[in-house]
Amino acid sequence: MKITVINGTEKHGVTYHLKEIFLEKFRDKAEITEFCLPKDCPSFCCGCTMCFLEGEKKCKDAEYVQKLEKAILAADLLVFTSPAYVFHATGAMKAMLDHFGYRWMPHRPAGEMFGKRAVIITQCLGAGDSSTAKDIKDSLSWWGISCISVCRFKLMGDISWEKLSEKKRWSMEEKLKKTAVKYLETDYTKPARTKFTTKCKFRACRLLQKNLGKADPKYTDYKYWNEKGWTGRVRPWK
Ligand SMILES: Cc1cc2nc3c(=O)[nH]c(=O)nc-3n(C[C@H](O)[C@H](O)[C@H](O)COP(=O)(O)O)c2cc1C
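An account of the accompanying structure is given in this report.

## Brief notes about the overall build of the chain
The helix and strand inventory of the chain stands at eight helices and five strands. Helices and strands in the chain line up, N terminus first, as β-α-β-α-α-β-α-β-α-β-α-α-α. For a compact globule of 238 residues, the expected C-alpha radius of gyration is about 18 Å, and the chain comes in at 19 Å, within 12% of that figure. If one aligns the C-alpha atoms of the chain with their principal axes, the spans along those axes are about 60 × 40 × 30 Å. Counting the 238 residues in the chain, one finds 47% classified as buried. Per element, the accessible surface of the chain, about 12,100 Å² overall, is 55% carbon and sulfur.

Shown next as structure tokens:
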């Protein structure tokens, strides 16, 4: 199996240690590709909208974004990690997710996403773990992923991994290992089930594309939906 990990920080802090605990059980069973932000996607989206209008290869940062996309599409399991920074995902994570705006369902979602599985790991000192996870989950669900597990934690004490109490570390490890076992025992030959809400979002976007296509049949997003057969009877899920 293939796992792609995208870390919202390069620091070897608490987030790093939690991610390592989660990956431990996969080390000798999976091919793991890791990215660390901002190193692996260092520039912000400048809002040129070239990706929406002319295609993702026209992005000034295509070199980084396409490398990430290739690994994301190849993965059976996606893992996203981030500490809470002022109640949200790190700026580096947000900057990376902005680059994938063109993969949101109202634009050009990748068909493969509808069968993928993802795990989000977030933590904070006292509050913001859930809004941080939501920042990431919003993108993943609008990319078409239905099967998303969230492991979020509040440290409520020291923020250095080494100084955390045994009890705190143990409770976090338990949750991470339980989630890891779930994904270790998953049959990846079968795509994840696409949720009803994801299908509803897709249907709404399909209507949008059909209307946009009537106004301009050369519109990049409409052409994409049409080529996939999604404006007709074809669907990206089984
Ligand atoms: C810029 C910044 C903003 C932060 N904002 C929050 C916050 O809103 N809520 C919170 O509980 N902790 C906040 N923290 C604390 C971190 O979430 C916490 O220390 C976390 O364990 C850091 O993870 P790391 O060791 O992986 O870097 C913030 C830390 C930084 C550096």
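## Quick look at the site of the ligand
Around the ligand, the surrounding shell holds 16 residues, and the nearest of these are T15, V86, Q123, G126 and A127. Between the ligand and L125 there is a distance of 3.0 Å, counted from an oxygen atom to a backbone nitrogen or oxygen. If the ligand stood free it would expose 640 Å²; the protein chains cover 75% of that surface. Those elements that provide at least two residues to the shell around the ligand are α1 (14–24) and β4 (117–124).

## Examining the packing of α1 against helix α6 (residues 166–184)
For any two helices packed against each other, one specifies the inter-axial angle together with the distance between the axes. Remark: α1 packs on α6, axes separated minimally by 8 Å, with the N-to-C direction vectors making an angle of 40 degrees. The pairing of α1 with α6 is recorded here as oblique in orientation. The way α1 lies across α6 gives a crossing that is right-handed. Contacts between α1 and α6 pair L18, I21, F22 and E24 from the former with M172, E173, L176, K177, T179 and A180 from the latter. Each residue belonging to the contact of α1 with α6 can be placed in one class, and the counts come to six nonpolar, one polar and three charged.

## Observations concerning the pattern of salt bridges
Should the charged atoms of two oppositely charged side chains come close, the side chains can pair. According to the stated counting rule, one finds 18 salt bridges in the structure shown. Taking the shortest distance from any N to any O, the salt bridge between E20 and R27 comes out at 2.9 Å. Linking E56 and R103 is a salt bridge whose minimum nitrogen-to-oxygen distance equals 4.0 Å. Of this pair, E56 sits in the loop between α2 (50–53) and α3 (62–74) while R103 sits in the loop between α4 (91–99) and β4, and the two are 47 residues apart along the sequence. Comparing E56 with R103 shows no difference in burial state: the two are buried. It is possible to trace a salt-bridge network through shared partners that takes in E56, E69, R103, R108 and D221.

## With respect to empty space enclosed by the protein
Unfilled space is identified by rolling a water-sized probe across the atoms. Throughout the structure, instances matching the rule amount to one cavity of 30 Å³ or more. Taken as a whole, the largest cavity spans an internal volume of roughly 40 Å³. Lining the largest cavity are E69, I72, L73, F100, R103, A110, M113 and W143. Counting residues per element, the lining of the largest cavity draws most heavily on α3, at three residues. In terms of residue class, the lining of the largest cavity is made up of six nonpolar, no polar and two charged.

## Some details on the layout of surface pockets
Computed from the structure, the largest pocket encloses a volume of approximately 340 Å³. E112, G115, K116, P191 and A192 are the residues nearest the centre of the largest pocket, which is lined by 19 residues in total. Looking at the lining of the largest pocket residue by residue, the class counts come to seven nonpolar, four polar and eight charged. Size it by volume and the second largest pocket reaches roughly 280 Å³. For the second largest pocket, the lining is made up of 15 residues, of which K11, V14, P83, Q123 and I159 are closest to its centre. Of all elements in the fold, only α1 and β4 reach the threshold of two or more residues within the lining of the second largest pocket. Residues that form the lining of the second largest pocket fall into these classes: nine nonpolar, five polar and one charged.

## Here we look at α1
Along an α-helix, a turn takes 3.6 residues, which lines up residues three or four apart on a common side. The complete set of buried residues in α1 reads V14, T15, L18, K19, I21, F22 and L23. Its buried side turned inward, α1 meets β1 (2–7), β2 (31–36), β3 (77–83), β4, β5 (147–154) and α6.

## Here we look at the state of the cysteines
Counted by the stated rule, this structure contains zero disulfides. With no disulfide partner, C48 has as its closest neighbouring cysteine sulfur the one in C46, 4.3 Å distant. Left unpaired, C200 is separated from the closest cysteine sulfur, that of C205, by 11 Å. Note on C200: relative accessible area 33%, which makes it partly exposed.

Here is what the cut-offs are and how they apply
- Numbers given to residues run from 1 along each chain, matching the order in which its sequence is written.
- Where totals are concerned, whole chains, interfaces and linings use all residues; where local detail is concerned, this predicted model gives features only for residues with pLDDT of at least 70, and gives and counts side-chain atom pairs only at 80 or more.
- Water and hydrogen atoms play no part in the side-chain values, which are based on all heavy atoms of the structure.
- Numbering of helices and strands runs from the N terminus, with a helix taken as a DSSP run of H or I at least four residues long and a strand as a DSSP run of E at least two residues long.
- Two things to know: the radius of gyration comes from C-alpha atoms, and the globule rule equals 2.2 Å times the number of residues to the power 0.38.
- Each residue's exposure class comes from its accessible area (1.4 Å probe, protein chains only) as a fraction of the maximum for that residue type: buried when under 20%, exposed when over 50%, partly exposed otherwise.
- We get accessible surface area from the Shrake-Rupley algorithm with a probe of 1.4 Å; when it comes to residues, only the shown protein chains can shield them.
- When we say a residue is near a molecule or strand, we mean one of its heavy atoms is within 4 Å of it.
- N or O atoms within 3.5 Å of each other form a polar contact, as long as, within protein, one can give a hydrogen and the other can take it, and as long as residues adjacent in sequence are counted only when both atoms are side-chain atoms.
- To obtain each axis, a line is fitted to C-alpha atoms, and for helices this fit is confined to the stretch in contact; angles are then taken between N-to-C directions over 0 to 180 degrees.
- Roughly parallel here means an angle under 35 degrees, roughly antiparallel means over 145, roughly perpendicular means 65 to 115, and every remaining angle is called oblique.
- In this scheme, a crossing is called left-handed if the near helix is turned counterclockwise away from the far one by less than a right angle; it is called right-handed if the turn is clockwise.
- Working rule for contacts: check all heavy atoms of both residues, and any pair within 4.5 Å makes them a contact.
- Each residue gets one of three labels, nonpolar for Ala, Val, Leu, Ile, Met, Phe, Trp, Tyr, Cys and Pro, charged for Asp, Glu, Lys and Arg, and polar for the others, Gly among them.
- Each reported salt bridge corresponds to a side-chain nitrogen of Lys or Arg within 4 Å of a carboxyl oxygen of Asp or Glu.
- Within this scheme a cavity is a closed region of a 1 Å grid, computed over the protein atoms alone, that accommodates a 1.4 Å probe without allowing it to escape, whereas a pocket is open but has protein on both sides within 12 Å along at least five of seven lines; lining residues each have an atom within 4 Å of a point.
- Grid points are joined across faces, edges and corners, and a volume is the space filled by probe spheres set on the points.
- We call a pair of cysteine sulfur atoms a disulfide whenever their separation is within 2.5 Å.

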